[in-house]
Amino acid sequence: MKDKSTDVGDQVAVLTLRTAKPGLEQDFESALHDFIAASFETEGQLGVHVVRPPPGSRSREYGIVRRFSSCQARDRFYDSAMFRQWEQKVAQLTEGGPVRQELTGLEAWFTLPGRAGAAQPPRWKMALVTALGVWPVSILVPRLVKPLVGNLHPSS
C-alpha cells in the first residue's frame, strides 16, 4: 500500500510573505522561531524554510515556505487555533497582512522578488527552460571533470 504522506505528487508548498515593522525585526524573528517549532507538532508538516532579508539591505520582508503532505494537511493547519493565535500575535509585529501563494511545481524558481502574485509561465515553458539548463550541464560536466579525476582510481 502506498504511503500518502510521502507521495511527492500530493505535497503542497505555500509561500507567505510578511514585512516586519521597523525596529521589530528581532521580535518578529523570535516569534517566528517559536511558532515554527510549535507548528511541527501539526500532522502533515514536511518542513519550513525562512528566507530572511539580505544583510545590509533595507528590506524587512520575510519569505516563509511551508511544505505539507497534502491539501487537507494545509487546510487543517491554516484553520487551526494555533495558526489563528499566531496571526493575532504577529499582526502587532508586521505591516499589513500576509501575502500567500501556493507553489505546486517549478514556478517557485520562476517567481521574481516582489512579484509573488504575478502570473506564472506555462508549465511547458518551465519544462523547456529546465531541460535546456540540465541537459547541457549533464553532458559537459562529466567531460570536463573526467580528465581531472580519471586517474585517481586506477583500474585493476
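Our structure's up above, just so we're on the same page.
Residues numbered from 1 in each chain as written. Predicted model: local features only at pLDDT ≥ 70, side-chain atom pairs only at ≥ 80, totals over all residues. Heavy atoms only, no water.

Counting 19 residues, the largest nonpolar core has F28, L32, F68, F77, Y78, F83 and W86 as the members making the most contacts within it. Contributing elements (two or more residues each) for this core: β1 (12-20), α1 (25-39), β3 (61-68), α2 (71-78) and α3 (81-91). Top contributing element to this core by residue count: α1, with five residues. Contact partners of F83, with chain neighbours within four places excluded, come to F35, F77, Y78 and R100. (Core = buried A, V, L, I, M, F, W, Y, C linked by side-chain atoms within 4.5 Å. Buried < 20%, exposed > 50% of the residue type's maximum accessible area, 1.4 Å probe, protein only. Helix = DSSP H or I, 4+ residues; strand = E, 2+ residues; numbered from the N terminus. Contact = heavy atoms within 4.5 Å.)

Here β1 pairs with β3 via eight bridges, running antiparallel. Pairing of V12 across the sheet is with F68, part of β3. Bridge count for strand β2 (residues 45-51) against β3 is six bridges, and the pairing is antiparallel. Along β3, the bridge assignment pairs V50 with I64. (Pairing = 2+ DSSP bridges.)

Our next topic: the side chain of T42. Along the chain, T42 turns up in the loop between α1 and β2. Residue contacts for T42: discarding those within four places in its chain leaves F77 and M82.

Which parts of space are left empty comes out when a probe the size of a water molecule is rolled across the atoms. Under the counting rule described, the total for this entry stands at one cavity of 30 Å³ or more. Looking at the largest cavity, its volume works out to about 110 Å³. In terms of residue class, the lining of the largest cavity is built from seven nonpolar, one polar and four charged. (1 Å grid on protein atoms, 1.4 Å probe; cavity = no way out; pocket = protein on both sides within 12 Å on 5 of 7 lines; lining within 4 Å. Points joined across faces, edges and corners; volume = space filled by probe spheres on them. Nonpolar A, V, L, I, M, F, W, Y, C, P; charged D, E, K, R; others polar.)

Turning our eyes to something else, we now look at the sheet that holds β3. Read from one edge to the other, the open sheet built from four strands follows the order β2-β3-β1-β4, with strand pairing classed as antiparallel. If you trace the sheet from one side to the other, it starts and ends with β2 and β4 (94-103), each paired once. Shown here is a sheet whose adjacent strand axes are inclined to one another by a mean of 15°, direction ignored. Bridge count for β1 against β4 is seven bridges, and the pairing is antiparallel. Note on β4: the bridge partner recorded for L15 is Q101. Lying on the sheet, α1 is in contact with β1, β2, β3 and β4; it crosses β3 at an angle near 5°. In the packing of α2 onto the sheet, the strands contacted are β1, β2, β3 and β4, and the crossing angle to β3 comes to about 130°. (Axes fitted to C-alpha atoms, helices over the stretch in contact; angles between N-to-C directions.)

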